[in-house]
Amino acid sequence: MNQPAPEGLNAQVLAWSEADLGVEGRVLDVVRAPATVLSTVGEAVDPTCPGCVGLAAPQVGVGAQMFCVDVSEHPKTRDHHGTFVLCNAEVVSSSRNEKAREGCMSVPDLTGDVKRASRLVVRGQLPGSGEEVELSANAFEARCLQHEIDHCQGLLFVDRVAGAHAIYARQTYL
């Protein structure tokens, strides 16, 4: 029996799973800067076609506006929608800009201070059905969504830092 979604969360996004695609995925290599696909606006995609599930499509060499997000295990996460994929996502509204440190698998040796909205409304399409959804996100999930949407628009987090003084060598821990 379907239960209502917790307040502020989109039930359609919460209910989506990669099984809805009807295809098996494959492991792809992460593309690293300065690969051209990371600085190119992605093509709009037909969300009804089977495709990649994982990171932002440009990060695995596919110039398409599609990404997967799951922040459920991150310690900075408040509420979240679990694992989901969005196609052709765009920010509808945003508020409460905050600066925080970001990293990226495509820029593995650096982190940077990036100012992003901590409250966000995003519109996109679910892969498989093409159904348009709108979801509200806050805190870490909001930051993650903006980061992945940036990838689909040909931007890296280093394009959003205030300057060289806000870029740092990534720390490694044993």
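**Q** Describe in detail the overall build of the protein, supporting the description with residues and values.
**A** Per the secondary structure count, the protein includes 2 helices and 5 strands. From first element to last, N terminus to C terminus, the protein shows the α and β order α-β-β-β-β-α-β. Expressed as a percentage of the 174 residues in the protein, the buried residues total 42%. Counting only contacts in the protein whose residues sit at least 6 apart along the sequence, the fraction spanning at least 24 positions is 66%.

**Q** I'd like a rundown of the environment of Phe 157, residues and numbers included.
**A** Here Phe 157 lies in the loop between helix 2 (139-152) and strand 5 (167-169). Overall, Phe 157 belongs to the buried group, its relative accessible area being 1%. Setting aside chain neighbours within four positions, we find Phe 157 in contact with Glu 102, Gly 103, Cys 104, Val 107, Leu 110, Thr 111, Gly 112, Val 114, Arg 116 and His 147.

**Q** Account for the nonpolar core, naming residues and giving values.
**A** Of all hydrophobic cores here, the largest spans 27 residues; its most connected members are Phe 67, Val 69, Phe 84, Leu 86, Val 122, Leu 135 and Leu 145. Mapped onto this core, the elements with two or more residues apiece are strand 1 (66-69), strand 2 (84-104), strand 3 (107-125), strand 4 (132-138) and helix 2. Among residues more than four places away in sequence, those in contact with Val 69 are Gly 82, Thr 83, Phe 84, Cys 144, Leu 145 and Glu 148. Membership of the second largest hydrophobic core comes to 10 residues, among which are Val 31, Cys 104, Leu 156 and Val 161.

**Q** Account for the environment of Gln 171, naming residues and giving values.
**A** By the secondary structure assignment, Gln 171 is in the segment after strand 5. C-alpha of Gln 171 to C-alpha of Leu 110: the two residues are 61 residues apart in sequence and 8.5 Å apart in space.

**Q** A description of the pairing of strand 2 should follow, citing residues and the corresponding values.
**A** The pairing of strand 1 with strand 2 spans 4 bridges and is antiparallel. Paired with Cys 68 across the two strands is Val 85, which belongs to strand 2. Summarising the sheet, strand 2 and strand 3 pair through 14 bridges and their orientation is antiparallel. Its bridge partner lying in strand 3, Arg 101 is registered against Asp 113. Once strand 2 ends, the chain turns through 2 residues before running back antiparallel as strand 3.

**Q** Go over the environment of Ser 93, please, and point to the residues and values.
**A** Among the structural elements, Ser 93 can be located in strand 2. The spatial distance from the C-alpha of Ser 93 to the C-alpha of Val 121 is 5.2 Å, given a sequence separation of 28 residues. Other than its neighbours up to four places away in sequence, Ser 93 contacts Arg 119, Leu 120 and Val 121.

**Q** Go over the state of the cysteines with me, naming the residues and quoting the values.
**A** Evaluation of the coordinates by the stated rule reveals 0 disulfides. Among the cysteines around Cys 144, which has no disulfide bond, Cys 68 carries the closest sulfur, lying 9.1 Å off. Taking the relative accessible area as the measure of exposure, Cys 144 reaches 16% and is therefore buried.

What counts, and at which threshold
- Residues numbered from 1 in each chain as written.
- Predicted model: local features only at pLDDT ≥ 70, side-chain atom pairs only at ≥ 80, totals over all residues.
- Heavy atoms only, no water.
- Helix = DSSP H or I, 4+ residues; strand = E, 2+ residues; numbered from the N terminus.
- Buried < 20%, exposed > 50% of the residue type's maximum accessible area, 1.4 Å probe, protein only.
- Contact = heavy atoms within 4.5 Å.
- Core = buried A, V, L, I, M, F, W, Y, C linked by side-chain atoms within 4.5 Å.
- Pairing = 2+ DSSP bridges.
- Disulfide = S-S within 2.5 Å.

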